[in-house]
Structure formats: C-alpha cells, structure tokens
Amino acid sequence: QVQLVESGGGLVQAGDSLRISCAASGRTFSDDNMGWFRQAPGKEREFVAAVRRSGGSTYYADSVKGRFTISRDNAKNTMDLQMNSLKPEDTAEYYCAAKTDIFSLGDPLNYDYWGQGTQVTVSS
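Values in this document were obtained by computation on a predicted structure and should not be read as measured data.

### Some words on the environment of phenylalanine 37
Right, so step 1: Relative to the elements of secondary structure, phenylalanine 37 occurs in strand β4 (residues 33–39).
Right, so step 2: Phenylalanine 37 gets classed as buried once you look at its relative accessible area, which sits at 0%.
Right, so step 3: Residues phenylalanine 37 and alanine 92, spaced 55 residues apart in sequence, show a C-alpha to C-alpha distance of 9.4 Å.

Written out as structure tokens, the structure reads:
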C-alpha cells in the first residue's frame, strides 16, 4: 500500500520561508516521478513543481519559479519543497503525488498516488 505523508505546513507572514516535506512508503521511491500540487478554497488543484526519478530534472509553475525549490532524497524516501518569498496567494493545501511515467508531470489527473495534504497559510 502506497503511503505519502506531507508535513511542515503552517502559518507564516508574507516574505517568509517555509519547507514542507513528503515521506513515501510502500513502493520503491526511486521508481516514481514526484510532484507538488496545491489547492486553495474554491479553486482547482494546480501544479506547483515536479521532479523526475533521479532528481536530475525539475519543473516549476511560472507562479513559483525562482521562489520555490523541489528536491528529493531517494535514500530517505523523501521529497521537499523549499518555499521562499512567500506571498498571500501561495496560501493553499499542498499535496505531494507520485506517478510512474514521465508524461504530463503538470497534470494532476495523471498522478497515481496522493498524500492527504498540509496547509500553508501566508498572511499579508
């Protein structure tokens, strides 16, 4: 049974930094491409960032490029999202997700496994 568990969310002020993590179990972590998505109240789930199996290739939504950094540690079965210069519009529930193929890494419909989410709230 695949399990993805997010942690590290919280309430911060605009301009602050926050690091959220995803711990994976139940599969060979290095077999999966991983992504971060977020969903704000009343909005659709949107792509934030993705990293391929080896960690050598990363992808970002334009809205977070230059501020967020995705990384993974295949030895520890974890994935992180370092978020800097946070803005109120970054406020959302953040989800980690896993998929085996490399196609459409930005499309949430193509991911096979999901965590329960961690809330990030940025006050102005």
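There's more to say after this.
### A look at the sheet that holds strand β1 (residues 3–7)
Right, so step 1: If you walk across this open sheet you meet the four strands as β1-β3-β8-β7, and the pairing is antiparallel. Both outer strands of the open sheet, β1 and β7 (68–73), are each paired with one neighbouring strand and no more. On average, each strand axis in the sheet is inclined to that of its neighbour by 15 degrees, with strand direction left out of account.
Right, so step 2: Bridge analysis of β7 against strand β8 (residues 78–83) gives six bridges, and the strand direction is antiparallel. What sits directly across from isoleucine 70, in β8, is leucine 81.

### Points about the packing of aromatic side chains
Right, so step 1: Overall, the coordinates contain five aromatic pairs when judged by the stated rule.
Right, so step 2: Consider the rings of phenylalanine 37 and tryptophan 114, whose centres lie 5.2 Å apart with planes at 55 degrees: the pair is tilted. Pair noted here: phenylalanine 37 is in strand β4 and tryptophan 114 is in strand β10 (residues 113–114), with a separation of 77 residues, a long-range link.
Right, so step 3: By relative accessible area, tryptophan 114 is classed as partly exposed at 26%.
Right, so step 4: Arranged with centres 6.4 Å apart and planes meeting at 80 degrees, the rings of tyrosine 95 and tryptophan 114 form a pair that is edge-to-face. With a gap of 19 residues between them, tyrosine 95 in strand β9 (residues 92–99) and tryptophan 114 in strand β10 connect regions that are remote in the sequence.
Right, so step 5: You can call tyrosine 95 buried: its relative accessible area is 13%.
Right, so step 6: Clustering of aromatic rings is evident, with ring pairs tying together Phe37, Phe47, Tyr95, Tyr111 and Trp114.
Right, so step 7: One Lys or Arg, arginine 45, reaches over the ring of tryptophan 114 and ends 4.7 Å from the middle of that ring.
Right, so step 8: For lysine 99, the ring lying beneath its charged end belongs to tyrosine 111, and the centroid distance is 5.6 Å.

Cut-offs used in this document
Residues numbered from 1 in each chain as written. Predicted model: local features only at pLDDT ≥ 70, side-chain atom pairs only at ≥ 80, totals over all residues. Heavy atoms only, no water. Helix = DSSP H or I, 4+ residues; strand = E, 2+ residues; numbered from the N terminus. Buried < 20%, exposed > 50% of the residue type's maximum accessible area, 1.4 Å probe, protein only. Pairing = 2+ DSSP bridges. Axes fitted to C-alpha atoms, helices over the stretch in contact; angles between N-to-C directions. Phe/Tyr/Trp six-rings, centres within 6.5 Å; stacked < 30°, edge-to-face > 60°. Lys NZ or Arg CZ within 6 Å of the ring centre and 35° of its normal.

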